[in-house]
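# Residue-level structure breakdown
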Amino acid sequence: MAALTYVCVISDFTLPTLEACLSLQPAHILLIASDSEHFANQAQRLKAVLQARLADSQVEVLSHAST
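Read on for a plain summary of the structure. Since this is a predicted model, take the numbers as computed values, not measurements.

## Quick notes on the packing of helix H1 (residues 15-24) against helix H2 (residues 37-53)
- It is the contact of H1 with H2, at a shortest axis distance of 11 Å, that shows an interaxial angle of 20°. Classified by the interaxial angle, the pair formed by H1 and H2 is roughly parallel. Of the two possible hands of crossing, H1 and H2 adopt the one that is right-handed. Counting all contacts with H1, which are made through Thr17, Leu18, Cys21 and Leu22, the residues of H2 involved are Leu46, Val49, Leu50 and Arg53.

Encoded structure:
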């Protein structure tokens, strides 16, 4: 099976993204976040949880500040 890449836009509702990632176990997870402090924090928290739970997945936060 080909490696999956999961792309999600960060919002206040990150639980569905977490559940999908835990279920699908993609090789790459891209979290797209606006540059607002609130959503940047949401993205970093979700990234930390995903990295702890899916050690074999590469998680990256994409934002204007990071590109």
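Having seen it, we continue.
## Let's talk about the side chain of Gln42
- Residue placement: Gln42 occurs in helix H2.
- A relative accessible area of 10% means that Gln42 is categorised as buried.
- For Gln42, the residues in contact, after removing those within four places along its chain, are Ile10, Ser11, Asp12 and Thr14.

Thresholds applied
- Residues numbered from 1 in each chain as written.
- Predicted model: local features only at pLDDT ≥ 70, side-chain atom pairs only at ≥ 80, totals over all residues.
- Heavy atoms only, no water.
- Axes fitted to C-alpha atoms, helices over the stretch in contact; angles between N-to-C directions.
- Helix = DSSP H or I, 4+ residues; strand = E, 2+ residues; numbered from the N terminus.
- Parallel < 35°, antiparallel > 145°, perpendicular 65-115°, else oblique.
- Left-handed = near helix turned anticlockwise from the far one by under 90°.
- Contact = heavy atoms within 4.5 Å.
- Buried < 20%, exposed > 50% of the residue type's maximum accessible area, 1.4 Å probe, protein only.

So, to be careful, I would describe these as geometric facts and stop short of saying anything about function.
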